[in-house]
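# An overview of the molecular structure
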Amino acid sequence: MDSKKLTKKILIALIAGAVVGMALTFAPESFFGPLDKYVLGPIGQIFLNLIMMLVVPLVFVSIVLGAAGLGDPSKLGKIGVFTVTFFLATTAIAISIGLALAYIVKPGKAGIFDTSNLDGYTPDEAPPIMDTLINIIPENPIAAMSSGDMLQIIAFAIFIGIALAYLKDKTKGIYNLFEQANELLNWLIMLIMRFAPYGAFALIVSAIGGAGLDAVGSMLSYMLTVIGGLILHAFIFYSLAIWLLGRGNPIKFYKGFFPAMTVAFSTSSSTAALPVAMKTAQENLGVRKEISSFVQPLGATINMDGTAIMQAVATVFISQVYDLPLTMVDLLMVVLIATLASVGTAGVPGVGLIMLAMVLNQVNLPAEGIALIIGIDRILDMLRTAFNTSGDAACAYILSEHEKRKEKKAQEA
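Per chain, residue numbering runs from 1 following the sequence as it is written. With pLDDT at 70 or above as the cut-off, local features in this predicted model cover only qualifying residues; side-chain atom pairs require 80 or more to be listed or tallied, and sums for whole chains, interfaces and linings still use all residues. Side-chain figures throughout are based on the complete set of non-hydrogen atoms in the structure, without hydrogens or water.

Check the secondary structure of the protein chain and you find 16 helices and zero strands. A separation of at least 24 residues holds for 85% of the contacts in the protein chain among residues at least 6 apart in sequence. Here the Shrake-Rupley method, with its probe set to 1.4 Å, supplies the accessible areas, and only the displayed protein chains count as covering residues. Accessible surface for the protein chain amounts to roughly 18,600 Å². Of this, 65% is attributable to carbon and sulfur atoms. Starting at the N terminus, helices and strands are each numbered in turn, a helix being any DSSP run of H or I of at least four residues and a strand any DSSP run of E of at least two. Contacts: residue pairs with any heavy atoms within 4.5 Å of one another.

This is the structure we're talking about:
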């Protein structure tokens, strides 16, 4: 699979899909509805299903190989601590950027929206944070794999990887089996990605055509605020981290990782984009396989910087629309709750709205206000997912480059 050719095809598909989607907003519902139901929806869903089919086995196999490849469990612990700290810190910074921009731009104004009949969204109940932390260790690993519980899968895989690292030659056959499984999964990824341009085209057309011009136009200020936050966070904070901590060139980083960002954009799922994101980081950015295999699956589960920016802007937006000012304590609560909520948040489309409902409840804002933004959330979901995956790759890149420099110093000494 030529990554440059594939990237070009996906980019063309995204642009063409956006144009066709905008054109279809003028079409009557009697035309778009059947087209979306019988053509666009099935094509997009088949593409998502093909990728999601590989996610659980890929995450399990990758984490096992990553943990085993790191060898020394203490080294694994150091990398794990850095990874989690990096993700939580960047999430807190992302929320702060979102809050600051929302207060500067003021996308929501009291009296503009009719909030008396906002019953179009009933938020699902978000899981308590303590339950999420307790349930990281699975009672039944097979059940965790069956349900796709990523944190439990990762925890079980880490234990298996540590055991393989300790036992070494005694379990060489099992380790080889995992390596062969990894080769098999990578071959399947390459095969599925040939279908990516068609799946991306269908998903974009469906998302934009379904949103409609009215929804997009009325929420333009909110959209631009979220997009501005994403750009600031990615191209300033991530770039500084890549440059200062990873001692790399941010431009080369984003250029090399762009193929994975296009897949994340089209699928709106960090989890679905994970196979391509890992392959791209290893081949285009030179990230070590064992580090990529550990950091990126973990990041797809707990690193939600793009979602955090959306939650911050949406919280301020809804408070402004309802004319319910937030206190400094409320703002600190938003930062704390949204940061902790990112742990265990599934990397699937739309999950940010569930976490947003939890944040709104914590600061006594009406969750029904989510109905104001739900029409355009899919479009923003695409953008923030692309930035989420780049954050995962940035952390993996920084760690990989640090290990390379440390080994080089040891060889020189």
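That covers the picture; the talk isn't over yet.
Whenever Lys or Arg places a side-chain nitrogen within 4 Å of a carboxyl oxygen from Asp or Glu, that contact is recorded as a salt bridge. Following the criterion strictly, the structure yields five salt bridges and no others. Between Arg288 and Glu407 there is a salt bridge, with its nearest N and O atoms 2.8 Å apart. In this pair, Arg288 is assigned in the loop between helix H11 (270-284) and helix H12 (289-302) and Glu407 in helix H16 (residues 374-412), connecting sequence segments 119 residues apart. Given the relative accessible area of 19%, Arg288 is considered buried. With a 1.4 Å probe rolled over the protein chains alone, any residue whose accessible area is under 20% of its type maximum counts as buried; one over 50% counts as exposed, and the rest are partly exposed.

With that out of the way, let us pick up the environment of Gln152. By the secondary structure assignment, Gln152 is in helix H6 (residues 150-167). Residue class for Gln152 comes out buried when judged on its relative accessible area of 14%. Taking C-alpha positions, Gln152 is 5.7 Å from Ile137, a pair spaced 15 residues apart along the chain. Sequence-distant contacts of Gln152, that is, excluding residues within four places in its chain, are made with Asn135, Ile136, Ile137, Pro138 and Ala144.

Two joining distances apply to patches: 9 Å for like charges and 5 Å for nonpolar side chains (Val, Leu, Ile, Met, Phe, Trp, Tyr), and every residue must have over 30% relative accessible area and no salt bridge. Nonpolar side chains collect at one region of the surface, where Phe82, Leu232, Ile236, Leu240, Trp243, Leu244 and Leu245 lie side by side and expose about 650 Å² of accessible area between them. If one sorts the elements of the nonpolar patch by residue count, helix H9 (residues 220-244) sits on top with five residues. You can see Leu232 is positioned in helix H9. On the basis of relative accessibility, which here comes to 34%, the residue Leu232 falls in the partly exposed class.

What follows covers the packing of aromatic side chains. Only the six-membered ring of Trp is used, alongside the rings of Phe and Tyr, when aromatic pairs are assigned; centres must lie within 6.5 Å, and planes under 30 degrees apart are stacked while those over 60 apart are edge-to-face, with the rest tilted. Per the stated rule, a full pass over the model turns up 13 aromatic pairs. Aromatic pair Phe253 and Tyr254: ring centres 5.3 Å apart, planes at 85°, arrangement edge-to-face. Each member of the pair, Phe253 as well as Tyr254, is classed as buried.

Take the packing of H9 against helix H13 (residues 305-321) next. Relative to each other, H9 and H13 sit at 140°, their axes nearing to 9 Å. In the crossing of H9 with H13, the sense of the turn from one axis to the other is right-handed. Taking contact as the criterion, the partners of Tyr222, Thr225, Val226, Gly229, Leu230, His233 and Tyr238 in H9 are, on H13, Asp305, Gly306, Ile309, Met310, Val313, Ala314 and Phe317. The classification used treats Ala, Val, Leu, Ile, Met, Phe, Trp, Tyr, Cys and Pro as nonpolar, Asp, Glu, Lys and Arg as charged, and all other residues, Gly among them, as polar. A breakdown of the residues in the contact of H9 with H13 according to their chemical character gives nine nonpolar, four polar and one charged. Here an angle of 0 to 180 degrees is reported between the N-to-C directions of two axes, which are lines fitted to C-alpha atoms, with helices fitted over the stretch in contact. Left-handed describes a crossing in which the near helix is turned anticlockwise from the far one by less than a right angle; the clockwise case is right-handed.

Further remarks concern helix H10 (residues 250-267). Given the number of residues in a helix, its expected span is that number minus one, multiplied by 1.5 Å. For H10, spanning 18 residues, the distance from its first C-alpha to its last is 24 Å, which sits close to the expected 26 Å at 1.5 Å a residue. What we call the bend at a residue is the angle made by axes fitted to the seven residues finishing there and the seven residues starting there. In the structure, H10 departs most strongly from a straight axis at Phe258, where the bend amounts to approximately 55° and where the proline Pro259 lies between one and four residues downstream. Each polar contact in these results corresponds to two N or O atoms within 3.5 Å; when the atoms are within protein, one needs to be able to donate a hydrogen and the other to accept it, and residues that are neighboring in sequence are counted only if both atoms are side-chain atoms. Looking at where H10 begins, the residue whose side-chain oxygen comes 2.9 Å from the main-chain nitrogen of Ile251 is Asn249. Ser268, located one to two residues past H10, shows a positive phi value of around 60°.

Take the environment of Leu380 next. Turning to its location among the elements, Leu380 is positioned in helix H16. Between the alpha carbons of Leu380 and Ile227 there is a distance of 7.7 Å; along the sequence they are 153 residues apart. If near-sequence neighbours (up to four positions away) are discounted, Leu380 is found in contact with Tyr222, Met223, Val226 and Ile227.

Turning to the side chain of Asn303, a few remarks are in order. Counting through the fold element by element, Asn303 comes out in the loop between H12 and H13. Looking at Asn303, its side chain comes within polar contact range of the side chain of Asp392, at 2.7 Å. Setting aside residues no more than four positions away along its own chain, Asn303 makes contact with Phe87, Thr90, Thr91, Tyr238, Leu298, Asn388, Gly391 and Asp392.

Turning to its location among the elements, Leu6 is positioned in helix H1 (residues 3-24). For the pair Leu6 and Pro197, spaced 191 residues apart in sequence, the C-alpha separation works out to 7.9 Å.

As a further point, take the packing of H11 against H12. Where H11 meets H12, the axes come as close as 10 Å, and the angle between the chain directions of the two elements is 155°. In this view, H11 runs roughly antiparallel relative to H12, as classed from their interaxial angle. For the pair H11 and H12, the crossing hand works out as right-handed. From H11, Ser270, Thr271, Leu274, Ala277, Met278, Ala281 and Gln282 reach across to H12, where they touch Lys289, Ser292, Ser293, Gln296, Pro297 and Ala300. For the contact of H11 with H12, the class distribution of residues is six nonpolar, six polar and one charged. When an angle is under 35 degrees it counts as roughly parallel; over 145 it counts as roughly antiparallel; between 65 and 115 it counts as roughly perpendicular; any other value is oblique.

Nonpolar cores are built from buried Ala, Val, Leu, Ile, Met, Phe, Trp, Tyr and Cys residues. Side-chain atoms within 4.5 Å join them into one set. Of all hydrophobic cores here, the largest spans 109 residues; its most connected members are Tyr222 and Val295. Of all hydrophobic cores here, the second largest spans five residues; its members include Phe32, Leu40, Ala202 and Val205.

Its 21 residues give helix H7 (residues 172-192) an end-to-end C-alpha distance of 30 Å, which sits within 8% of 30 Å, the value for a rise of 1.5 Å per residue. Where H7 is concerned, the buried positions are Phe178, Asn182, Leu185, Asn186, Ile189 and Ile192. In a view along the axis of H7, the buried residues occupy a sector of 125°, so they form one face of it. Residues of H7 that are exposed and angled more than 90 degrees away from the buried face: Lys172, Gly173, Leu177, Gln180, Glu183, Leu184 and Trp187. Our arc is simply the arc of the directions from the helix axis toward the C-beta atoms.

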